[in-house]
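These are the residues of each chain, in order.
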Amino acid sequence: MNNDVIFGINGPVITVKNAHSFAMGEMVYVGKERLVGEIIGVTDKLTTIQCYEETTGLRPGEPIEGTGAPMNVTLGPGILDNIFDGIERPLKEIAEQAGSFIARGCAVPSLDTSRLWKVTLTVKKGDKLQGGDIYATCQETQIIEHRCMVPPTLSGTITMVKPNGSYHVNDTVAELTDNDGNVHALSLCQRWPIRTPRPVKKHLPINIPLITGQRVIDTMFPIAKGGAAAIPGGFGTGKTMTQHQLAKWCDADIIIYVGCGERGNEMSQVLEEFSALIDPKSGRPMTDRTVLIANTSNMPVAAREASIYTGVTLAEYYRDMGYHVAMMADSTSRWAEALREISGRLEEMPAEEGFPAYLPSRLAEFYERAGMVETLNDKEGSVTLIGAVSPAGSDFSEPVTQNTKRFTRCFWALDKSLAYARHYPAINWMESYSEYFPELENWYNKNLGPEFVKYRKEINKILQEENSLMEIVKLIGSDVLPDDQKLIIETARVIRVGFLQQNAFHKEDTYVPLKKQELMMKVILYLYQKAKQLVSASVPISNILATGLFDKLIKMKYDIPNNRLDMFDDYMKEIDKAMAGIVTA
Amino acid sequence: MILDYVGVKEINGSLIVLDNVPNATSEEMVTIRLDNGTTRQGRIVQMDGNRIVIQVFEGTRGISLENTETRLMGHPMELSLSPEILGRIFDGAGKPIDGLGDIFPIKKADINGTPINPVSRVYPKNFINTGISTIDVLMTLIRGQKLPIFSGSGMKHNELAVQIARQAKITDENGSNDFCIVFAAMGVKQDVADYFRRSFDESGVLSRVVMFLNLANDPIIERILTPRCALTAAEYLAFELGKHVLVIMTDMTSYCEALREFSSSKGEIPGRKGYPGYLYSDLASIYERAGIVAGKNGSVTQLPILTMPNDDVTHPVPDLTGYITEGQIQLDRGLDASGIYPPVSVLPSLSRLMKDGIGKGFTREDHSAVSNQLFAAYSKVMDARSLASVIGEEELSPVDKKYIAFGKLFESKFVNQGFNDNRSIEQSLDLGWELLAALPRSELDRVDDDMLDKYYEPAKKRVESRENQNTADKITAAEA
């Protein structure tokens, strides 16, 4: 039956004439080299394919072969501690096969088929299983147990089970007979189409924060497990650095890091840093819980479009095992541009700035795959999505930023002027917001006590007041302000430099536990209250500043190690002493 | 069997359309012979069945529907490579134009290259000493990096590029012969290209330079090939011959304009400002060819130059470039007008790779502290200046006045540096501390105390003793 051939070639877009057997979204092999492609348009005369590899050298008349299945990925042990391209091909194996430069038509299996896994079968003959039920487990890395689940579409009775032992990814370890009497072999892996969300039992309310150890995020604009956040910022504002920090320190079980149309050198940096970093909780390298998907900007554009979906499908798979997964996508703008590029090749009618009109619905589909859920096997798992956005010309009014804002509830706006002053993370505290905070308030109250929320509010208030005072300062200078307002400006400086700004390269400051964050706020506010009392008793502010306490607090993030939180008491005492000294003098 | 196809079906700008051509391959090269005996080069850009669209590099002037014979070459655009390309001059499409004859190719390579596998990349960490204080201290160039110069018409970006090329200590410990320069000129004027050639000649490196020249009046289609040819040569020199290659490309804006012209002649849907929607991917396919590959000795470092139209950094060309490259060196017209060379606008400039290539073992332990503090202090200078422009300098607080003084010193001593002034990294760092000494110690909030004791205090003493010396000199002079 297979006599479909290439008709036209335009960059990554390939057309086939008079082919009727292809379905929308079907994965196909293009040409003699069997390049991977996907059907993106079908009419009775012309079928359109987007090709995930370079099309140079293809010629009309070469064969097209359908696979009968939608674009899908292989899910099974061996995903962790691996680096894939946008369509889940392992880059290490490609490098072994083809050398340092990526060749086309590399037929490599996604998962290492020769590796043996020590498998424990958790079912016995006669067990009735539903989709999502776990039938086998194996230790994928030292810290993550891989749980093999019945594909969500299957259910039935186990009719054969192999004994515990070592198996390859593709070996059959059990057989399931469904109600119609069909026998399905269960191996360690399964396939799932990347554009279809994996089913869950139900969505749960979002009320646990994803702790990142980054003060401005945890305290000011927290993100919930199962939430979605956007990090927009022009170039050089530190999107990638922020994403790296989150990937390194957030308390998710699994990290999926998607480098979508970004720099190759950055990916090599992630690779190098993550294998050198030791996870503080498990004492194992970070790579043990990380998957990297690297589709750098010079790799084929269609695969860039797919990489986001590949990433989120892997995330959902681990979520279904009952893990908390965080996925970082850097950057969703490159993904949107890939959409635009392909849309342009299809000569679709463009909407805003040349982006296709379906951009918002695609963004919504993607971000809606985040969530805290009860899985089919009654576990609790979550997928948290954190997408970087690279607005053209740093203008947040462009379509990708605006539409992303609609579908994420946490917005960390990166600010150029903060970045210029090397204030990192350059999250602008006036423009950013987190709609999750009210839902997380209970968690903070329960786990840290009621003060945390109170402190946060006060810190916020001082920053707000400073912001309006700065309008005046910009016009007439700070000298003319009354002392109580000068105190606000000084305190805000301590908050900005000593609290919000965080040094990713300092060994104590790169990750700060919540308790220390709270105590830092406490000390800053304590100094503020004490100083305020003195100011209202007409003590000149210059005397208070002369104690050097403000500068001392700015440096406390470095001076107080994360495991010496008792030192905060000394700071409080010192404040008391210094303030008393001023009064008696 | 080689077939010639007679005549064309359609001519549109630089594109010609041929019908009934079986066996063509995507992006294949073609030769077009006119009946007056001249030949032109072209490339297939689109195919629908047997109908193919060809872009003609030299333009379609003189082509009629009947006077051509087109021959398919059976391969994509390739560049002839051999170690002899060093010291040679080529046109934008890789043909020798220095009258020394053709290259005898040891190898031919597709100019589009193939992407480097991210797992085969080596994360760049080796600092290149350019001898320019602002760059070395504040936006350190790293071997294997792509660091563009964002400039504007009339500013001294060419001088800066030449100075970097001349002073850069790009080589490793193994010796200096491994270093070479690939220069690609896209749409620049004859005299600018000549300036580069002369400068390379004067500094005695011309025999290690490969030049690709597409001048302002050369065909735009060739301009699209120029950076690709240059980078193919660079990759050959770096990854096959093990050399450290510095690629200077000027002017990327002309390149993008050529791409826009070409795209609109193909009838593609335009994105921002008429540039094609794939401008980002296209630029990435050029810039991403910088780097270091595991197991190979050489490296490709890119120094693209682009002129921002109307000095607007949000224009698509600088904007997309900034998103791909690992930082940028931005030039400032105000500094340029006040005679400061190099007019590097410090605050928006940045090098993303410097954080891992500086400090102990690379440059000096205090490097990151100095650079952070200089950035932070200089950004306060800007605040103080904008305040001073409203209320006058006299009314500023004493601290702000110190910042104003620091800003002046910083621009005149640190940023400003002669075209022939080659400063070592130690000199530049010490100079940084001496400038910071103009600020009170309590203002230096980016540096920890040990560092301040070790560097700030001695620098302060140096400055003071120099001032005392100066006053003493003046007094002696006055007495005499």
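Presented here is an overview of the structure given in this document. (Residues numbered from 1 in each chain as written. Chains lettered and ligands numbered in written order. Predicted model: local features only at pLDDT ≥ 70, side-chain atom pairs only at ≥ 80, totals over all residues.)

Examining the overall build of chain A
When helices and strands are tallied, chain A shows 17 helices and 26 strands. A compact globule built from 585 residues should have a C-alpha radius of gyration of about 25 Å, and chain A, at 27 Å, falls within 12% of that. Seen along its three principal axes, the alpha-carbon backbone of chain A occupies a region of about 95 × 55 × 40 Å. Residue burial in chain A is summarised as follows: out of 585 residues, 52% are buried. (Helix = DSSP H or I, 4+ residues; strand = E, 2+ residues; numbered from the N terminus. Rg over C-alpha atoms; globule rule 2.2 N^0.38 Å. Buried ≥ 20, exposed ≤ 12 C-beta atoms within 10 Å, placed from the backbone.)

Side note on the overall build of chain B
Counting its secondary structure elements, chain B contains 13 helices and 17 strands. Dimensions along the principal axes, computed over C-alpha positions, put chain B at roughly 90 × 50 × 50 Å. For chain B, the residues scored as buried account for 52% of the 480 residues in total.

Quick word on the interface of chain A and chain B
Taken together, the 62 residues of chain A in the interface contact 61 residues of chain B. Where the side of chain A that touches chain B is concerned, the elements lending two or more residues are strand 1 (6-10), helix 1 (91-98), helix 4 (264-276), helix 6 (332-345), helix 11 (451-476) and helix 15 (549-554) of chain A. Examining the composition of the side of chain A that touches chain B, we find that seven residues originate from one element, helix 4 of chain A, more than from any other. For the side of chain A that touches chain B, a count of residues per class yields 27 nonpolar, 21 polar and 14 charged. Direction of pairing for strand 1 of chain A relative to strand 5 (residues 39-48) of chain B: antiparallel, over a ladder of two bridges. From the neighbouring strand, Ile9 of chain A faces strand 5 of chain B, where its bridge partner is Met47 of chain B. (Contact = placed C-beta atoms within 7 Å. Nonpolar A, V, L, I, M, F, W, Y, C, P; charged D, E, K, R; others polar. Pairing = 2+ DSSP bridges.)

Structural notes on the packing of helix 4 (residues 220-240) of chain B against helix 5 (residues 252-265) of chain B
Residues and elements named next belong to chain B. For the pair helix 4 and helix 5, interaxial distance at closest approach is 9 Å and the crossing angle is 130°. On the basis of their axis angle, the class for helix 4 and helix 5 is oblique. The handedness of the crossing between helix 4 and helix 5 comes out as left-handed. Only Ser254, Tyr255, Ala258, Leu259, Glu261 and Phe262 of helix 5 make contact with helix 4, whose side of the interface consists of Ile220, Ile221, Arg223, Ile224 and Pro227. Each residue belonging to the contact of helix 4 with helix 5 can be placed in one class, and the counts come to eight nonpolar, one polar and two charged. (Axes fitted to C-alpha atoms, helices over the stretch in contact; angles between N-to-C directions. Parallel < 35°, antiparallel > 145°, perpendicular 65-115°, else oblique. Left-handed = near helix turned anticlockwise from the far one by under 90°.)

Details of the sheet that holds strand 9 (residues 117-121) of chain A
Each strand in a sheet pairs with another by means of backbone hydrogen bonds, the pair being arranged parallel or else antiparallel. Residues and elements named next belong to chain A. Here we have four strands laid out as an open sheet, ordered 12-11-9-14, and antiparallel in their pairing. Here the strands that pair on one side only, and so sit at the sheet edges, are strand 12 (145-149) and strand 14 (165-167). Averaged over all neighbouring strand pairs, the angle between strand axes comes to 40°, with direction disregarded. Pairing of strand 11 (residues 134-139) with strand 12, which is carried by five bridges, proceeds in the antiparallel orientation. Its bridge partner being in strand 12, Cys138 is matched across the sheet by His146.

Considering the environment of Thr134 of chain B
Residues and elements named next belong to chain B. Mapped onto the secondary structure, Thr134 falls in helix 1 (residues 133-138). Residue Thr134 is classed as buried on the basis of its C-beta count, with 22 C-beta atoms lying within 10 Å. Taking the C-alpha atoms as reference, Thr134 lies 6.9 Å from Phe414; in sequence the two are 280 residues apart.

Some points on the nonpolar core
Ranked by internal contacts, the top residues of the largest apolar core, which has 310 residues, are Met327 of chain A together with Ala233 and Val247 of chain B. With 13 residues, the single largest contributor to this core is helix 4 of chain B. When neighbours within four sequence positions are excluded, Ala233 of chain B is seen to be in contact with Leu79, Leu81, Ile85, Val182 and Val210 of chain B. (Core = buried A, V, L, I, M, F, W, Y, C linked by C-beta atoms within 7 Å.)

Section: the sheet that holds strand 15 (residues 174-177) of chain A
Residues and elements named next belong to chain A. The strand order across the open sheet formed by four strands is 10-13-15-16, and the pairing between neighbours is antiparallel. Two strands bound the open sheet, and with one partner strand each, they are strand 10 (128-129) and strand 16 (183-186). Here four bridges tie strand 13 (residues 156-161) to strand 15, and the two strands are oriented antiparallel to one another. Across the sheet, Met160 pairs through a bridge with Glu175, a residue of strand 15.

Let's talk about helix 4 of chain A
Residues and elements named next belong to chain A. For helix 4, with 13 residues, the first-to-last C-alpha span of 19 Å sits near the 18 Å given by 1.5 Å per residue. Taken together, the buried positions of helix 4 are occupied by Gly264, Asn265, Glu266, Met267, Ser268, Gln269, Val270, Leu271 and Phe274. Residues of helix 4 that are buried make contact with strand 8 (82-84), helix 3 (239-249), strand 20 (254-260) and strand 21 (290-295). (Expected span 1.5 Å × (residues − 1).)

Observations concerning the environment of Asp551 of chain A
All names here are of chain A. Mapped onto the fold, Asp551 is located in helix 15. Judged by C-beta crowding, with 18 C-beta atoms within 10 Å, Asp551 ranks as partly exposed. Taking C-alpha positions, Asp551 is 22 Å from Asn563, a pair spaced twelve residues apart along the chain.

Considerations on the pairing of strand 23 (residues 371-374) of chain A
Residue and element names in this part refer to chain A. For strand 18 (residues 202-203) and strand 23, the ladder comprises two bridges, and the chain directions are antiparallel. Each bridged residue has a counterpart across the sheet, and for His203 the counterpart in strand 23 is Val373. Relative to strand 24 (residues 380-389), strand 23 runs antiparallel, the two sharing four bridges. Of the residues in strand 24, the one forming a bridge with Met372 is Ser382.

Focus: unusual backbone geometry
For the peptide bond that leads from Thr250 of chain B to Asp251 of chain B, omega is 5°, which places it in the cis range. With respect to the element layout, Asp251 of chain B can be found in the loop between strand 14 (244-250) and helix 5. Note that the residue after Tyr341 of chain B, namely Pro342 of chain B, is joined by a cis bond; omega there is -10°. For Pro342 of chain B, the position within the fold is in the loop between helix 8 (333-337) and strand 17 (350-351). The phi dihedral of Arg34 of chain A falls on the positive side, at around 55°, and the residue is not glycine. As for its placement among the helices and strands, Arg34 of chain A is situated in the loop between strand 3 (26-30) and strand 4 (35-42).

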